[in-house]
Structures are given as C-alpha cells and as structure tokens.
Amino acid sequence: MPFFSQSVQHIRSSEIRDLMKLATRPDIISFAGGMPNNDLFPVAEVDDIILNMDPEIKKVAFQYGPTPGYPPLLETLKQYLKTKGLPVDTHHLMITTGSLQAINILAMEFIDPGDLVLTENPSFIGGIAVFKAFQAHIKGVPLQHDGIDLKALEEILETEQPKLLYIIPNFHNPAGIIYSKEKRVKLLELLKDKNILLLEDDAYNELYFSEAAHELTQPVMSMNQYNIPMVYTGSFSKILGPGFRLGWMLAPPDIYEKAQIIKQGIDACSPNFTQVIANAFMQKGYLEPYLNKIRKEYAKRKQLMQNALETYMPEEVTWTEPEGGFYFWLTLPQYMNATDILKDSVKKGAVFVTGKTFDPEAKHNNYIRLAFSNMNINDIDKGIQIISNAIKKNMLAYS
Ligand SMILES: Cc1ncc(COP(=O)(O)O)c(C=O)c1O
C-alpha cells in the first residue's frame, strides 16, 4: 500500500457524517441539508431552453470549452455582476465548477503548509475543508450579529501575518447573518496595506427576503477603494441548481492568470453543457422571475420556522432572525453539547447539524444549524418541536 500524502493523513469521517448515517429513515425530518428545495427548481424553463436550442449551440454544449468559461456566459454574467457594482472592467471573470472549486483554486494558488488562514467562526464547512487539505493553520475570528468581530481581527493582525481572510458577508452559512454596511467599510479600512488576500464568498447574494436586506447585499468588493487584494466568488447553485456545478470567480489579472493555469490542470473547463443552459436562462429573462418566486418561498419557510422557534424553544436558546438565505443558527447555553441533543432528536425523528462542524478549531458545540430550505414545509413545526423537546430534556439533566 503506498503512503498517503500528508494532506490526507489527518482526514477522518466526521462524527456528524456518522450520525447522519443513522438518519436515513424515510420519516425523518431533516433540517441538516443546506441545499435548495427540489420542488422549486426551474424545470419547465430548462425544458423550454433545451427543446428550442439552436442545433449548432447544442453541438457546442457537448464539446470541451475554453478554460475560463463559455464566452457568451462570461459576457452575460459580466453584465449581471456590473449591476452589483463589481469591477468587471478591471478584474477578470472565470467560470468554475461550483464556487467551491474557486476556493480550491485560490487555496492552491496561495497556501503553503503552515500558512495562517483566517475564517469567520463559524464558517462554511466546505471552505474549512479546503484550507485544511492545503495544510493551512486556520484561526477562526468570532462572528457577531452584524459581521466579523473587528476588534478580535485587529488583535490577531497586531501580531500575525495571515495569508488570506475568508468571509461570507451575505446570509451567512451557517450563521444566517448579514454584514452591516458599516462593518463592510470598517473591515476594508482595517485591511488597508496589510497585504492579506480577502476572499469574499457571495453564494447567497440573491436570496434576500426584503428590500432592506437587498440593499445590504452590496458586495464588499464593490466598496474596495483601497486596492486591497481581493477575489469575489459566486454561484449558480442557489439561483438555478447545484447540479449545474457552476460558479464563478472575479479576480485581479495577476491572480486570474495563475488561476486559469491551475484550473486547466484540474478539469480543463467547467461543463459546457450547463454553461450553455445557464446562459440561455439569463438571456431569456428567466432569472429574475425565478428569483422572485424562490425568495417568497424561502421567506415563507423562514417565517414558519421563526414562529415554531418562538413557540417551542426555551428562553435560554437565542438566534438572529435571518433576512435571507437558508439558515437559523441557534445559540444554546454554553454548558450544552449539541451532539447530545442531536442523538436524542434523531431517535425522535429530526436532524440538524451541530455547531462544532462549522468551527475551524472544532471546539464550540453549543450551537445548532437549522436549514429551512429543503424539507416538507408541513414538517417544520413538528421538527422544531422535537428538537426543542430534546434541548429541554438535556437542560433538565444539567439542572
Ligand atoms: C457559503 C457557501 N459557499 C460556497 C458553497 C458552494 O457552492 P457551490 O455549489 O457553488 O460549489 C456553499 C454551498 O452550500 C456555501 O454555503
């Protein structure tokens, strides 16, 4: 047996993955999966696109394409990102195989073993896994209700030189929060002249529930007046379907050049087939009406979960009401362990993801992530009741 590489030697099946195997009963109510709702996918629109596609474009769809992306999609996407104030004229756009690939490419481009990478705490498990695979030393910076804790970040920067800071300012996964405008501006001021790559992951940008929240979603990159080295990533996963495996990266020319060479070696190009469809979806004007539809549906689900939480949760459990996205992030009293609660909930028929999963140092476990996006809407109330009963039972054991 050949020896494993250093980067995979420490990979273990997570406790959570093992627990989830127990949760495959058909009657289980799952708040675990952070994915869009199967019944909301724009199947009819995509049928229409495929049935009416020019045969020459169909042939293109079957073929390899240029590494940076299908040129008509790059152009369409550029116009779309321009409406968000993003610097598409000075930066280069690249289509990636999901935005997770963009994070992988950047990790390969910038991280040497032992390099310090800062993430928010909590942070997206996919991002944490990538940085770990590249053997970064990861430090979590606490997240507050309006964004990253700038004081904590400033303290770290006084003594250390991180390579990269990874943030998810809009409808955070898992914390459900959105950065205030003030925090976005102050973060940029703090990073001025520090020579740290700022990676802005904006996978949930479009999933706002109100106009007030919409206004807050302005990307940090669009406010970068100090020329801080920055890369912006986005995704079709939440606005069309994760099965398309399409994301993008907007990067300064020097970062883009190397990223392109790296991508060439990974998969030569992202699927041309889905790029052709995604382009037609935007060109035919299907995106905006579809977004209006899903924003309403997710807002409705959020409200149902909010009502259930208010009805059933003990007062010691707190959360920030999400203004978009897929998640509620519950804070339990510090002495509690979400894994114990999960074990109980699974037995009674509801699953969620424990806080530790999203902690880059895998320490804090008095948190629970509840996704309201992809379960039967009629099960929300019952599922929350089950979890809340498990929490109450656990609390009694400590009293
Ligand atoms: C914050 C965040 N970034 C990136 C991704 C990855 O998305 P993609 O499907 O584009 O790779 C996800 C998926 O859940 C996410 O929550």
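Procedures and definitions
- Residue indices follow the written sequence of each chain, beginning from 1 at its first position.
- pLDDT decides what is reported in this predicted model: residues at 70 or higher carry local features, side-chain atom pairs at 80 or more are listed and counted, and totals for whole chains, interfaces and linings draw on all residues regardless.
- Under the scheme used here, helices are H or I runs from DSSP no shorter than 4 residues and strands are E runs no shorter than 2 residues, and both carry numbers assigned from the N terminus.
- Here the globule rule is a power law, 2.2 Å times the number of residues to the power 0.38, and the radius of gyration is based on C-alpha atoms.
- Backbone-placed C-beta atoms define the burial measure: a residue is buried with 20 or more other C-beta atoms within 10 Å of its own, exposed with 12 or fewer, and partly exposed in between.
- For the purpose of contact definition, each residue receives a C-beta atom placed from its backbone, and two residues are in contact when these atoms lie within 7 Å.
- Helices are assigned an expected span. That span is 1.5 Å times one less than the residue count.
- Note on pairing: DSSP must find at least two bridges between two strands before they are called paired.
- Between N-to-C directions, angles span 0 to 180 degrees; the directions come from axes that are lines fitted to C-alpha atoms, helices contributing only their stretch in contact.
- As used in this record, a residue near a molecule or strand is one whose C-beta atom, placed from the backbone, is within 6 Å of it.
- Amino acids outside the nonpolar list (Ala, Val, Leu, Ile, Met, Phe, Trp, Tyr, Cys, Pro) and the charged list (Asp, Glu, Lys, Arg) are all regarded as polar, and Gly is one of them.
- Think of a nonpolar core as buried Ala, Val, Leu, Ile, Met, Phe, Trp, Tyr and Cys residues chained together by C-beta atoms that fall within 7 Å.
- Seen with the strands pointing away from the viewer, any crossover whose path from the first strand over the helix to the second strand runs clockwise is right-handed.
- By convention here, the domain bounds are inherited from an automatic or database domain assignment.
- Note that the arc is computed from the directions linking the helix axis to the C-beta atoms.
- In this scheme, roughly parallel covers angles under 35 degrees and roughly antiparallel covers those over 145, while 65 to 115 is roughly perpendicular and the rest are oblique.
- Two helices crossing with the near one rotated counterclockwise from the far one by less than a right angle form a left-handed crossing, whereas a clockwise rotation gives a right-handed crossing.

**Notes on the overall build of the chain**
Item 1. The helix and strand tally for the chain stands at 15 helices and 14 strands.
Item 2. Relative to a compact globule of 399 residues, whose C-alpha radius of gyration would be 21 Å, the chain shows 21 Å and is just as compact.
Item 3. For the chain, with 399 residues in total, the buried portion stands at 44%.
Item 4. In the chain, the proportion of contacts linking residues at least 24 apart, taken out of those at least 6 apart, comes to 77%.

**Quick word on helix α6 (residues 99-110)**
Item 1. Spanning twelve residues, α6 covers 17 Å between terminal C-alpha atoms, matching the ideal 16 Å at 1.5 Å per step.
Item 2. Counting buried residues in α6 gives nine out of twelve residues, a clear majority hidden from the surface.
Item 3. All of the buried residues in α6 are S99, L100, Q101, A102, I103, N104, I105, L106 and A107.
Item 4. Along its buried surface, α6 packs onto β2 (92-96), α7 (125-133), β7 (197-201), β8 (230-235), β9 (247-251) and α11 (253-267).

**Topic: the sheet that holds β7**
Item 1. Spatially, eight strands are ordered β2-β9-β8-β7-β6-β3-β4-β5 in an open sheet, and the strand pairing comes out mixed. In the strand order of this sheet, the two ends are held by β2 and β5 (147-148), each with one partner.
Item 2. For strand β3 (residues 116-121) and strand β4 (residues 137-144), the ladder comprises six bridges, and the chain directions are parallel. Of the residues in β4, the one forming a bridge with V117 is I138.
Item 3. Strands β2, β6 (164-167), β7, β8 and β9 of the sheet are contacted by α6, whose axis makes an angle of about 155° with β8.

**Brief notes about the site of the ligand**
Item 1. In the vicinity of the ligand lie 14 residues, with G98, S99, L100, S235 and S237 positioned nearest.
Item 2. Among the residues making up the shell around the ligand, the classes are represented as five nonpolar, eight polar and one charged.

**Observations regarding the nonpolar core**
Item 1. If you look at the biggest cluster of nonpolar residues, it comprises 108 residues, and the most contacted ones within it are V231, L250, A278, F328, L330, F352 and L370.
Item 2. Ignoring sequence-local partners within four residues, the contact set of L250 consists of L81, L86, V88, H91, L93, V231 and Y232.

**Some points on the sheet that holds strand β11 (residues 327-331)**
Item 1. In space, the four strands of this open sheet follow the order β10-β11-β14-β13, with antiparallel pairing throughout. The strands lining the two open edges of the sheet, one partner per strand, are β10 (318-319) and β13 (353-354).
Item 2. Pairing geometry for β11 and strand β14 (residues 367-371), over five bridges, is antiparallel. Bridge assignment links L330 to a residue of β14, and that residue is I368.

**Observations regarding the pairing of β7**
Item 1. Of all five residues in β7, five are buried, a share of seventy percent or more.
Item 2. Judged by which residues are buried, β7 turns out to be covered on both faces: L197, L199 and D201 on one side and L198 and E200 on the other are all buried.
Item 3. Bridge count between β6 and β7: four bridges; the pairing is parallel. Residue pairing for β7: L164 is matched across the bridge by L197.
Item 4. Note that the unit made of β6, helix α9 (residues 181-191) and β7 has a crossover that is right-handed.
Item 5. Sheet topology note: the β7/β8 ladder contains four bridges and is parallel. For L198, the partnering residue across the bridge sits in β8 and is M230.
Item 6. Taking the sense of rotation as the criterion, the β-α-β connection linking β7, helix α10 (residues 211-216) and β8 turns out right-handed.

**A short note on the domain arrangement of the chain**
Item 1. Here the domain parsing of the chain yields domain 1 (6-42 + 289-398) and domain 2 (64-283).
Item 2. Inter-centroid distance (C-alpha atoms) of domain 1 to domain 2 is 25 Å.
Item 3. With 28 residues of domain 1 at the contact, the number on the domain 2 side is 32 residues.
Item 4. For the side of domain 1 that touches domain 2, the secondary-structure elements that each account for two or more residues are α1 (6-9), α13 (287-312), β11 and β14.
Item 5. Here the side of domain 1 that touches domain 2 takes five residues from α13, the largest share from any one element.

**With respect to helix α14 (residues 338-348)**
Item 1. Residues of α14 that are buried: A338, I341, L342 and S345. What you see down the axis of α14 is that its buried residues fit within an arc of 100°, all on one side.
Item 2. With its phi angle positive at about 110°, G349 sits one or two positions after the end of α14.

**Some details on unusual backbone geometry**
It is generally the case that most residues other than glycine have a negative phi and that most peptide bonds are trans.
Item 1. That bond from N121 to P122 is cis: its omega, 10°, falls within 30 degrees of zero.
Item 2. Turning to its location among the elements, P122 is positioned in the loop between β3 and α7.
Item 3. That bond from N173 to P174 is cis: its omega, 15°, falls within 30 degrees of zero.
Item 4. Of note, P174 is situated in the loop between β6 and α9.
Item 5. With phi around 55°, N195 is a residue other than glycine that occupies positive phi space.
Item 6. Among the structural elements, N195 can be located in the loop between α9 and β7.

**Comments concerning the packing of α14 against helix α15 (residues 380-398)**
Item 1. One can describe the packing of α14 onto α15 by two numbers: an axis separation of 9 Å at closest approach and a directional angle of 135°. By the angle between their axes, α14 is oblique relative to α15. The way α14 lies across α15 gives a crossing that is right-handed. Taken together, the residues of α15 that come into contact with α14 (itself represented by D340, I341, D344, S345 and K348) are I386, I387, A390, I391, K393 and N394.
Item 2. Class assignment of the residues belonging to the contact of α14 with α15 gives a composition of five nonpolar, two polar and four charged.

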